[in-house]
Amino acid sequence: MEQFSRILVPVDGSPGSLKALDAAALLAKAGGATLDILTVAYFASETDTEHLVSWLPESVTRPIGPVVHDALSHAEERVRGLVPYELHERTGIPAEEILRFAAEHAQEPIVVGGRGLGRVEGFFLGSVSQEVMERAPGTVIVVK
C-alpha cells in the first residue's frame, strides 16, 4: 500500500464526517501523515443569509460563522495530540471545493463520511461523498 504524507478529510460536524475524521486520524497515525481538515460553507460568514429566498433550507441559510467554527473545533478536539493537522475553511459548493482543494494541493487520499444513501436517494438528495468519489482523480475512502 502506498504511504501518504497528507490526508484530506472534509468535515461538517455530522456523525458521518466525524467517523471519517477518526478513520483518517488512524491512517495518519499509522503512516506518519498530516491531516488537512477542511470545512466548506455555502456562504461566507459575512453573507446576509436572513434575506435569502425562503425556500432554501436552514442547513444552507443559517449563519455560517458558528457552524464553521463548531465543525472545526469539534474536529480539532478529536485529533489534538494524536496526529499533526492543519485546519482549512472554504466557501462554495462542498464537493467542488473539496475537489479543488485536493487538486491545488495534489492531495491524496481524501477520506469522506458517507450518509449511507442508496443510488436513488443519492441522486435525488445529492451526495457529496458520491460526487467526490466519482470525480476525484485519486484515492477516495468513504467511511460509513
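Computed from a predicted structure; not experimentally measured.

(A) Expanded view of the environment of Glu97. Examined against the element boundaries, Glu97 turns out to sit in helix 4 (residues 94-104). Not counting residues up to four positions away in its chain, the partners in contact with Glu97 are Leu38, Val40, Arg90, Thr91 and Gly92. A distance of 2.4 Å separates polar atoms of two side chains, one belonging to Glu97 and the other to Arg100.

(B) Region of the structure containing the pairing of strand 2 (residues 34-41). Extensive coverage of strand 2 is indicated by the burial of eight of its eight residues. Of the two faces of strand 2, the one lined by Thr34, Asp36, Leu38 and Val40 and the one lined by Leu35, Ile37, Thr39 and Ala41 are each fully buried. Across five bridges, strand 1 (residues 6-10) lies against strand 2 in parallel orientation. Across the sheet, Val9 pairs through a bridge with Ile37, a residue of strand 2. Assessed by its sense of winding, the connection that carries the chain from strand 1 through helix 1 (residues 15-31) to strand 2 is right-handed.

(C) Spatial organisation of the confidence of the model for the protein. With 74% of its residues at a pLDDT of 70 or more, the protein shows a mean pLDDT of 81. When mean pLDDT is taken per element in the protein, strand 1 scores highest with 96 and helix 5 (residues 119-125) scores lowest with 43. Within the model, pLDDT remains below 50 along residues 117-125, and this stretch shows eight contacts once partners closer than five positions in the same chain are excluded.

(D) View of the environment of Ile93. Position of Ile93 among the secondary structure elements: in the loop between strand 3 (85-91) and helix 4. Judged by its relative accessible area of 52%, Ile93 is exposed. Distance from Ile93 to Val128, taken between C-alpha atoms, is 9.3 Å for residues 35 residues apart in sequence. Among all residues touching Ile93, those that are not within four sequence positions of it are Val40 and Tyr42.

Procedures and definitions
Residues numbered from 1 in each chain as written. Predicted model: local features only at pLDDT ≥ 70, side-chain atom pairs only at ≥ 80, totals over all residues. Heavy atoms only, no water. Helix = DSSP H or I, 4+ residues; strand = E, 2+ residues; numbered from the N terminus. Contact = heavy atoms within 4.5 Å. Polar contact = N/O pair within 3.5 Å; in protein donor to acceptor, adjacent residues only side chain to side chain. Buried < 20%, exposed > 50% of the residue type's maximum accessible area, 1.4 Å probe, protein only. Pairing = 2+ DSSP bridges. Right-handed = clockwise from strand over helix to strand, strands pointing away. pLDDT = per-residue confidence, 0-100.

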